[in-house]
Amino acid sequence: MQRIRLRYTKRGRLRFTSHRDFQRAFERALRRSEVPMAYSAGFTPHPKVSYANAAPTGTGSEAEFLEIALTEARDPAVLRELLDASMPVGLDITDAVEARTPGLADRLTASVWEMRLDRVAVDDARAAVEAFLAAGTVEVQRRAKNGMRSFDARAAVVDLKVLDPQPDRSGDAPCAILRLVVRHETPAVRPDDVLSGLRAVADLAPPVPAAVTRLAQGLFDEESGTVTDPLAPDREAAPAVSIPADRAAVATAPDGAVSA
């Protein structure tokens, strides 16, 4: 059995698809691409697909991950192209590697988010971020299955800063762009929880819903303060490709030289 790990996106209007909607679209793409999927046992077999830490409905993402199990070996690059061609535009398969190391989910310990706050002045956003970071705890509430739940939205935040707005929209309306790095803890702190925290500490309330996109997801590096690529260990564990001696001689021959 071969295991392939895929990275995919949720872009544009497709950010509003739920996780279940994506599952249905992906399973259709598997059938159209004639992928030799491994199936579970029992009365209702289903493809062996493992999803990891999917983004909330309504948020975009450039870094979603899943793993599939195959009954026959396939080239990951070719498989990626086939699946991407069968998926709706916006749900794009952007990377594929053969799983050569354990624990993909264990390497998804943090996320980098971008939050675009239209009609919010940059100075107001900076003041709110400073107040949030200076607070020891920031209690927020979120509706759960068993009612409202209170928790600290500050502890999981590794970094939060305001970027300069990008000139990608016409008009004179202000716009603040926030870059957020948050650890995956329990309970999970989501970007909307941080926005609730900004409202609690500084009364920052964007007049329109924030446009939220996950830029990266992976293992948090304590030394550099960055989120690393979770598929990198699988690439590094791949065996080196050997080059036949005759091809190597041609490749290293000086310009104009002809090998005997």
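Sequence order sets the numbering: in each chain, residues are counted from 1 along the sequence as written. Local features in this predicted model are restricted to residues of pLDDT 70 or higher, and side-chain atom pairs are both shown and tallied only at a pLDDT of 80 or more, whereas totals for entire chains, interfaces and linings draw on every residue. Calculation of side-chain values draws on the structure's entire complement of heavy atoms; hydrogens and water are dropped beforehand.

1. Details of the overall build of the protein
Here a strand is any run of E in DSSP of at least two residues, a helix any run of H or I of at least four, and the numbering for each starts at the N terminus. Within the protein, the regular secondary structure consists of six helices and eleven strands. Contacts between residues were defined by any pair of non-hydrogen atoms, one from each residue, lying within 4.5 Å. Pairs at least 24 apart in sequence give 75% of the contacts found in the protein among residues at least 6 apart. As presented, the protein carries roughly 14800 Å² of accessible surface, and 50% of it is formed by carbon and sulfur atoms. Computed by Shrake-Rupley with a 1.4 Å probe, the accessible areas treat only the displayed protein chains as cover when residues are assessed.

2. Digging into the pairing of strand β1 (residues 2-10)
For a regular strand, the rule is simple: side chains alternate between the two faces of the sheet. When accessible area is computed with a 1.4 Å probe and restricted to protein chains, residues below 20% of their type maximum are described as buried, those above 50% as exposed, and intermediate ones as partly exposed. Counted residue by residue, β1 has seven buried out of nine residues, so it is predominantly covered. When DSSP finds two or more bridges between a pair of strands, those strands are recorded as paired. In this sheet, strand β3 (residues 60-70) lies alongside β1 in antiparallel orientation, the contact comprising eight bridges. Looking at β3, one finds that R3 is bridged to A69. Pairing between β1 and strand β4 (residues 93-98): five bridges, direction antiparallel. By the bridge assignment for β4, Y8 is matched with I93.

3. Section: the nonpolar core
The nonpolar side chains of a soluble globular protein tend to be buried, and buried together. One finds M115, L160, L178, L180, V194 and L198 to be the most contacted residues of the largest nonpolar core, which totals 29 residues. Mapped onto this core, the elements with two or more residues apiece are β5 (110-118), α3 (122-134), β8 (157-163), β9 (175-183) and α4 (191-202). At five residues, the largest contribution of residues to this core is made by α3. If near-sequence neighbours (up to four positions away) are discounted, V194 is found in contact with M115, F132, V157, L160, L180 and V189. Nonpolar cores were defined as sets of buried Ala, Val, Leu, Ile, Met, Phe, Trp, Tyr and Cys residues, with membership established by side-chain atoms within 4.5 Å. Grouped together as the second largest cluster of nonpolar side chains are 20 residues, L6, M37, V49 and I68 included.

4. What to know about the packing of aromatic side chains
Each Phe, Tyr or Trp ring, with Trp reduced to its six-membered ring, pairs with another whose centre is within 6.5 Å; inter-plane angles below 30 degrees give stacked pairs, above 60 give edge-to-face pairs, and intermediate values give tilted ones. Summed over all chains, the structure comprises three aromatic pairs. Both rings, one in F22 and one in F26, keep their centres 5.9 Å apart while their planes meet at 10°; by these two values the pair is stacked. You can see F22 and its partner F26 sitting in helix α1 (residues 19-32), four residues apart, about one turn around the helix. Judged by its relative accessible area of 0%, F26 falls in the buried class. Taken together, Y8, F22, F26 and Y51 form an aromatic cluster joined through their ring pairs.

5. Overview of the confidence of the model for the protein
The quantity called pLDDT is the predictor's confidence in a given residue, expressed from 0 to 100. Of the residues in the protein, 90% have a pLDDT of 70 or more, and the chain-wide mean is 89. Below a pLDDT of 50 lies the segment residues 248-260, which in the model reaches two contacts outside its immediate sequence neighbourhood of four places, other chains included.

6. Digging into the pattern of salt bridges
Salt bridge criterion: a side-chain nitrogen from Lys or Arg within 4 Å of a carboxyl oxygen from Asp or Glu. Applying the stated criterion across every chain, the model contains 17 salt bridges. R5 is paired through a salt bridge with D234; the nearest N and O atoms lie 2.9 Å apart. One end of the pair, R5, is in strand β1; the other, D234, is in helix α5 (residues 232-236), with 229 residues separating them in the sequence. An identical accessibility class is assigned to R5 and D234; each is buried. When the shortest N-O distance is used, the salt bridge between R116 and D118 registers 3.3 Å. Judged by its relative accessible area of 11%, R116 falls in the buried class. Take D118: its relative accessible area is 16%, and that puts it in the buried class.

7. Some words on the pairing of β9
Across the nine residues that make up β9, a large majority, seven, are buried. In the sheet, β5 pairs with β9 via nine bridges, with the strands oriented antiparallel. Across the sheet, V112 pairs through a bridge with V181, a residue of β9. In the sheet, β8 pairs with β9 via six bridges, with the strands oriented antiparallel.

8. A short note on the packing of α3 against α4
Running from N to C, α3 and α4 cross one another at 95°; their axes reach a closest spacing of 9 Å. By the angle between their axes, α3 is roughly perpendicular relative to α4. Together, A128, V129, A131 and F132 of α3 and V194, G197, L198, V201 and A202 of α4 make up the contact between the two elements. In terms of residue class, the contact of α3 with α4 is made up of eight nonpolar, one polar and no charged. Interaxial angles span 0 to 180 degrees and are taken between N-to-C directions of axes, which are lines fitted to C-alpha atoms, for helices over the stretch in contact. An angle below 35 degrees is read as roughly parallel, one above 145 as roughly antiparallel, one from 65 to 115 as roughly perpendicular, and any other as oblique. In this count, Pro and Cys sit with the nonpolar residues alongside Ala, Val, Leu, Ile, Met, Phe, Trp and Tyr, while Asp, Glu, Lys and Arg are called charged and the others, Gly among them, polar.

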